[in-house]
Amino acid sequence: MSDIDYTGSQALASVLDELARRQITFAVARAGDRAKAGLEAAGLTARIGPDRFFSAVDEAVTALDGH
């Protein structure tokens with residue numbers, strides 16, 4: 001995904017709510033600058049957690065293994 005709009009950010013916020021209820025960890029891998037800026041503008045970066053953004057998928061998998 002290269003960008004996130006208002007509707008997408010609202011949908012992601014709902015998904016994050018459900019994942020939190022289920023105690024499921026969410027992470028982002030390989031997000032571009034526009035996507036990161038959109039997540040930040042929507043207040044989702046803080047909800048996801050700055051430590052849950054990864055530059056590569058394998059990095060995310062390794063970091064979250066066992067979560």
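Data block above holds the structure.
Model, not experiment: these values are computed from the prediction. (Residues numbered from 1 in each chain as written. Predicted model: local features only at pLDDT ≥ 70, side-chain atom pairs only at ≥ 80, totals over all residues. Heavy atoms only, no water.)

*Asks:* Hey, could you run me through the side chain of Ser9 in this one?
*Replies:* Residue position: Ser9 is located in helix 1 (residues 6-21). On the accessibility criterion, Ser9 (5% relative accessible area) is buried. Side-chain polar atoms of Ser9 contact the backbone oxygen of Tyr6, separated by 2.7 Å. Discounting chain neighbours no more than four positions away, the residues touching Ser9 are Ile4, Ala42 and Leu44. (Helix = DSSP H or I, 4+ residues; strand = E, 2+ residues; numbered from the N terminus. Buried < 20%, exposed > 50% of the residue type's maximum accessible area, 1.4 Å probe, protein only. Polar contact = N/O pair within 3.5 Å; in protein donor to acceptor, adjacent residues only side chain to side chain. Contact = heavy atoms within 4.5 Å.)

*Asks:* Mind showing me how you'd approach the nonpolar core here?
*Replies:* Nonpolar side chains tend to gather and get buried jointly when the protein is soluble and globular. Judged by nonpolar contacts, Ile4, Leu12, Ala13, Leu16, Val28, Ala31, Ala35, Leu39, Leu44, Ile48 and Phe53 together constitute the single largest core of 11 residues. Sorting the residues of this core by element identifies helix 1, helix 2 (33-41) and helix 3 (44-48) as the ones contributing at least two each. Among residues more than four places away in sequence, those in contact with Ala35 are Met1, Ser2, Asp3 and Ile4. (Core = buried A, V, L, I, M, F, W, Y, C linked by side-chain atoms within 4.5 Å.)

*Asks:* Explain helix 1 to me, please; I cannot follow it from the model alone.
*Replies:* Turn by turn, an α-helix covers 3.6 residues, leaving residues three or four places apart pointing in a common direction. Taking 1.5 Å per residue, 16 residues should reach 22 Å; helix 1 reaches 23 Å between its end C-alpha atoms and fits that length. On its buried side, helix 1 packs onto helix 2 and helix 3. Regarding helix 1, its N-cap is Asp5, as a side-chain oxygen of that residue lies 3.4 Å from the backbone nitrogen of Thr7 further along. Looking one or two places after helix 1, you find Gln23, whose phi comes out positive at around 55 degrees. (Expected span 1.5 Å × (residues − 1).)

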